[in-house]
Amino acid sequence: MLERGIRMLKTPVFAAPAANAALVASTIERREPRANDVLIEIDYCGVCHSDLHQVRDEWGASKFPMVPGHEIVGRVKQVGAKVTRFQVGDRVGVGCLVDSCGTCASCQRHHEQFCEKGAAMTYNGTEMDRVTPTQGGYATQVVVDEKFTLKIPDGLDLAAAAPLLCAGITTYSPLRQWNTKKGDRVGVVGLGGLGHMAVKLAASMGAEVTMLSTSKNKEADARKLGASGFASTKDPATFTKLAGQLDLIIDTISAQHDYNQYLGMLRPYGAMVLLGAPPEPSPLAAFALIMGNRRLAGSLIGGLAETQEMLDYCAAHKVQSEIEIIPMQKINEAYERMLVGDVRYRFVIDIASLRQ
Ligand code: NAP
Ligand code: ZN
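Residues numbered from 1 in each chain as written. Chains lettered and ligands numbered in written order. Predicted model: local features only at pLDDT ≥ 70, side-chain atom pairs only at ≥ 80, totals over all residues. Heavy atoms only, no water.

**Description of the packing of aromatic side chains**
Logical step 1: Applying the stated criterion across every chain, the model contains two aromatic pairs.
Logical step 2: Ring centres of Y172 and Y313 lie 5.5 Å apart, and the angle between their planes is 55 degrees; on these two criteria the pair is classed as tilted. Here Y172, found in helix α4 (residues 167-177), pairs with Y313, found in helix α10 (residues 304-316); they are 141 residues apart in sequence, far enough to count as distant. Comparing Y172 with Y313, the two get one shared label, buried.
Logical step 3: Each ring, one from F239 and one from Y262, has its centre 5.2 Å from the other, and the planes form 80 degrees; the classification is edge-to-face. Taken together, the positions of F239 in helix α7 (residues 237-241) and Y262 in helix α8 (residues 259-263) put the pair 23 residues apart, joining distant regions of the chain. Taken individually, F239 and Y262 each receive the classification buried, so the pair is uniform in this respect.
Logical step 4: Seen from the ring of F86, K151 lies directly overhead, with NZ or CZ sitting 5.6 Å from the centre. (Phe/Tyr/Trp six-rings, centres within 6.5 Å; stacked < 30°, edge-to-face > 60°. Helix = DSSP H or I, 4+ residues; strand = E, 2+ residues; numbered from the N terminus. Buried < 20%, exposed > 50% of the residue type's maximum accessible area, 1.4 Å probe, protein only. Lys NZ or Arg CZ within 6 Å of the ring centre and 35° of its normal.)

**So, the packing of α4 against helix α5 (residues 193-204)**
Logical step 1: The geometry of α4 relative to α5 is characterised by a closest axis approach of 8 Å and an angle of 45 degrees between their N-to-C directions. On the basis of the axis angle, α4 is oblique to α5. Helix-helix and strand crossings are classified by hand; for α4 and α5 the assignment is right-handed. Between α4, through A167, G168, T170, T171, Y172 and L175, and α5, the contact on the second element is made entirely by G193, L194, M197, A198, L201 and A202.
Logical step 2: A breakdown of the residues in the contact of α4 with α5 according to their chemical character gives eight nonpolar, four polar and no charged. (Axes fitted to C-alpha atoms, helices over the stretch in contact; angles between N-to-C directions. Parallel < 35°, antiparallel > 145°, perpendicular 65-115°, else oblique. Left-handed = near helix turned anticlockwise from the far one by under 90°. Contact = heavy atoms within 4.5 Å. Nonpolar A, V, L, I, M, F, W, Y, C, P; charged D, E, K, R; others polar.)

**Side note on the pattern of salt bridges**
Logical step 1: Applying the stated criterion to the full structure yields 17 salt bridges.
Logical step 2: Here R176 ties to E309 by a salt bridge, and the two come within 4.0 Å at their closest N and O atoms. In this pair, R176 is assigned in helix α4 and E309 in helix α10, connecting sequence segments 133 residues apart.
Logical step 3: What makes R176 partly exposed here is its relative accessible area of 33%.
Logical step 4: Here the salt bridges do not stand alone but share partners, grouping R31, R34, D37 and E127 into one network. (Salt bridge = Lys/Arg side-chain N within 4 Å of Asp/Glu carboxyl O.)

**Focus on the layout of surface pockets**
Logical step 1: Considered as a void within the structure, the second largest pocket measures approximately 720 Å³ in volume.
Logical step 2: Taken together, 33 residues form the lining of the second largest pocket, with E29, R31, E127, T132 and P133 sitting closest to its centre.
Logical step 3: Contributing elements (two or more residues each) for the lining of the second largest pocket: β2 (6-15), β3 (24-31), β7 (97-99) and β9 (141-145).
Logical step 4: The class makeup of the residues in the lining of the second largest pocket is 14 nonpolar, eight polar and eleven charged. (1 Å grid on protein atoms, 1.4 Å probe; cavity = no way out; pocket = protein on both sides within 12 Å on 5 of 7 lines; lining within 4 Å. Points joined across faces, edges and corners; volume = space filled by probe spheres on them.)

**Section: the state of the cysteines**
Logical step 1: A full pass over the atoms with the stated rule returns zero disulfides.
Logical step 2: Left unpaired, C104 is separated from the closest cysteine sulfur, that of C107, by 3.7 Å.
Logical step 3: Residue C104 is classed as buried on the basis of its relative accessible area of 8%. (Disulfide = S-S within 2.5 Å.)

**Points about the sheet that holds strand β14 (residues 246-251)**
Logical step 1: Pairing within the open sheet is parallel, and its six strands lie in the order β13-β12-β11-β14-β15-β16. Looking along the sheet, the strands with just one partner apiece sit at the ends: β13 (229-232) and β16 (295-298). Strand-to-strand twist of the sheet, defined as the mean angle between neighbouring strand axes without regard to direction, takes the value 20 degrees.
Logical step 2: Pairing between strand β15 (residues 266-274) and β16: four bridges, direction parallel. Pairing of L274 across the sheet is with G298, part of β16. (Pairing = 2+ DSSP bridges.)

**Some points on the confidence of the model for the protein chain**
Logical step 1: Per-chain confidence: the protein chain averages 97 in pLDDT, with 98% of residues scoring 70 or above.
Logical step 2: When the elements of the protein chain are averaged for pLDDT, strand β1 (residues 2-3) gives the smallest value, 42, and strand β11 (residues 185-189) the largest, 99. (pLDDT = per-residue confidence, 0-100.)

**Regarding the site of ligand 1**
Logical step 1: Ligand 1 sits among 30 residues. The nearest are L191, S213, T214, S215 and R346.
Logical step 2: Interatomic distance of 2.8 Å between a side-chain N/O atom of S50 and an oxygen atom of ligand 1.
Logical step 3: Backbone polar atom of S299 to a nitrogen atom of ligand 1: 2.8 Å apart, as the coordinates give it.
Logical step 4: When isolated, ligand 1 has an accessible area of 920 Å², and the protein chains bury 89% of it.
Logical step 5: Residue assignment for the shell around ligand 1 shows that the elements contributing at least two residues are α1 (49-55) and α5.
Logical step 6: Top contributing element to the shell around ligand 1 by residue count: α1, with three residues. (Near = heavy atom within 4 Å. Polar contact = N/O pair within 3.5 Å; in protein donor to acceptor, adjacent residues only side chain to side chain. Areas by Shrake-Rupley, 256 points an atom, 1.4 Å probe, with all protein chains shown as cover.)

**Here's the deal with the pairing of β11**
Logical step 1: Burial analysis of β11 places four of its five residues in the buried class, which makes it a mostly covered element.
Logical step 2: Relative to strand β12 (residues 208-213), β11 runs parallel, the two being bridged by five bridges. Note on β12: the bridge partner recorded for R185 is E208.
Logical step 3: Handedness of the β11-α5-β12 crossover: right-handed.
Logical step 4: The pairing of β11 with β14 spans four bridges and is classified as parallel. From the neighbouring strand, V189 faces β14, where its bridge partner is D251. (Right-handed = clockwise from strand over helix to strand, strands pointing away.)

See below:
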């Protein structure tokens, strides 16, 4: 089809037409690959709790219609004339970012997620022209600059690699930032998509991992994933038993909760890193930090170089996601199950279901 002189690629998707509306089958148009672009035929897309926050406009300023999905894996179908790193047929991935300015201090440091001009997010954002909406991976294909395309190493199962593109890098990055090593005592809060990757990755780095969960029935799984300890956060005794015990806490809870009581589990100079992004703020007592020089920090996904490093690390250490594959048509049900913590441990959409 010709439109304003540019050939567009008609693409079947599942999209949210408005905030809180169920996702429905629809079509969008992708751009024809430019010189530096790759056209990716999508095989699988992971389902992140951030998809749900944004579809329900819980963070504000969501744009509709919205095609969510930023844990994209597939195969290269076509490359632009100047593409050097990819060939047709390569196994590739796309995470939360599809472009950035490439010249600011953050981009120069390979922290594209903090691009001073505002990185182009994979969906619910705009391209760097600040006009063209971006649309995500609940779709049959996507067109992305090769700089924002990742190589999926051979050792990884394609479907189980999809969640690494967000849940994997988001947990790998803070573990690296805090130099996690053998013998460190790491607490992981919330056993969902991010949480299960945090347990696997921290254990693979030699840490002694304690799972902190509201769901006692996840204990056996937590241990299989690599945790050596498990404590129910519904039991107030957990917070006294573990007081002053942990070097690092990775907090992945998606809903409002009391940070102060978790901070009490840190040893002096220990740090708690917020990854979960509840829409509502939470009160913080100064003494929760002052006593013991404790640190409270946040971390946002990772840059492209670190994401590739994480994928290569996962292949070398045989770390991948535990997944439940669903057809696209089950996405609304999957969201409801995520809301009640019923996901073991990442839904991954089989995009073949969109092609039927
Ligand atoms: P998820 O799979 O739904 O897991 C969240 C887990 O948190 C649940 O399985 C549950 O674990 C626990 N939880 C949920 N509601 C809770 C509540 N009210 N109180 C206590 N615990 C609760 O979600 P996800 O995909 O891992 O994402 C988690 C959060 O991280 C979301 O807010 C998401 O937007 C955010 N995120 C941030 C980044 C970043 O760059 N910082 C990247 C991706 C996602 P238990 O059953 O074990 O208690
Ligand atoms: Zn995500």
